[in-house]
Amino acid sequence: MDHERVLRVVVEVLTGRVKDIPSRQLHRLRLNTHSGQARTRADGAVAFRVAVQVNTPSARRLHFWRLPDGRVELINVAVHDQIDI
């Protein structure tokens, strides 16, 4: 895994720039592969995922929580098909 690329994506998430970069494919993290329901926590935080890699086998995704006050909690970097956090 390219740690420099992960760091770049983390900075994009923390600065809010990620929403302006279509190739990052920012979207809410679903509860499961069959549901369109977003994963949320009791405190109101919503889980998101963003592409670190594209068009590669087992492409990596960064998962993070967006808290109601706008802060970000990083969760992990996982392969595309891993949605459990």
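For the structure itself, consult the block above.
The structure displayed is predicted, hence computed values, not measured ones.

Conventions we followed
- The numbers attached to residues start from 1 for each chain and follow its sequence in the written order.
- Per-residue local features are limited, in this predicted model, to residues with pLDDT of at least 70; the limit for side-chain atom pairs, both in listing and counting, is 80 or more; totals at the level of whole chains, interfaces and linings are taken over all residues.
- Water and hydrogen atoms play no part in the side-chain values, which are based on all heavy atoms of the structure.
- The set of buried Ala, Val, Leu, Ile, Met, Phe, Trp, Tyr and Cys residues whose side-chain atoms join them within 4.5 Å is what this entry labels a nonpolar core.
- Exposure is judged per residue with a 1.4 Å probe applied to protein chains only, and the accessible area is read against the type maximum: over 50% gives exposed, under 20% gives buried, and values in between give partly exposed.
- The helix and strand labels rest on DSSP assignments: H or I over at least four residues marks a helix, E over at least two residues marks a strand, and numbering proceeds from the N terminus.
- Only heavy atoms matter for contacts: two residues are in contact if any of them lie within 4.5 Å across the pair.
- Between any two strands, pairing holds if DSSP finds at least two bridges.

### A few points about the nonpolar core
Here's step 1: Core analysis: the biggest nonpolar cluster contains 11 residues, these being Val6, Val9, Val10, Val13, Val18, Val46, Phe48, Val50, Val52, Leu62 and Phe64.
Here's step 2: Of all the elements in the fold, those that place two or more residues in this core are helix H1 (3-15), strand E2 (46-51) and strand E3 (60-66).
Here's step 3: Excluding residues within four positions of it along the chain, Val10 makes contact with Leu62 and Leu74.
Here's step 4: Leu29, Ala45, Trp65 and Leu67 belong to the second largest nonpolar core, which has 5 residues in total.

### What about the sheet that holds strand E4 (residues 72-79)?
Here's step 1: The strand order across the open sheet built from 4 strands is E1-E2-E3-E4, with neighbouring strands paired in antiparallel fashion. Looking at the sheet topology across the chains shown, the edges are occupied by strand E1 (27-28) and E4.
Here's step 2: Where E1 and E2 come together, 2 bridges link them in antiparallel fashion. Considered in E2, the bridge of His27 is made with Arg49.

### Looking at unusual backbone geometry
Here's step 1: Here Gln25, not a glycine, exhibits a phi torsion of approximately 50 degrees, which is positive.
Here's step 2: Mapping Gln25 onto the fold places it in the loop between H1 and E1.
Here's step 3: On the basis of relative accessibility, which here comes to 38%, the residue Gln25 falls in the partly exposed class.
Here's step 4: One non-glycine residue, Asn55, lies in positive phi territory at about 55 degrees.

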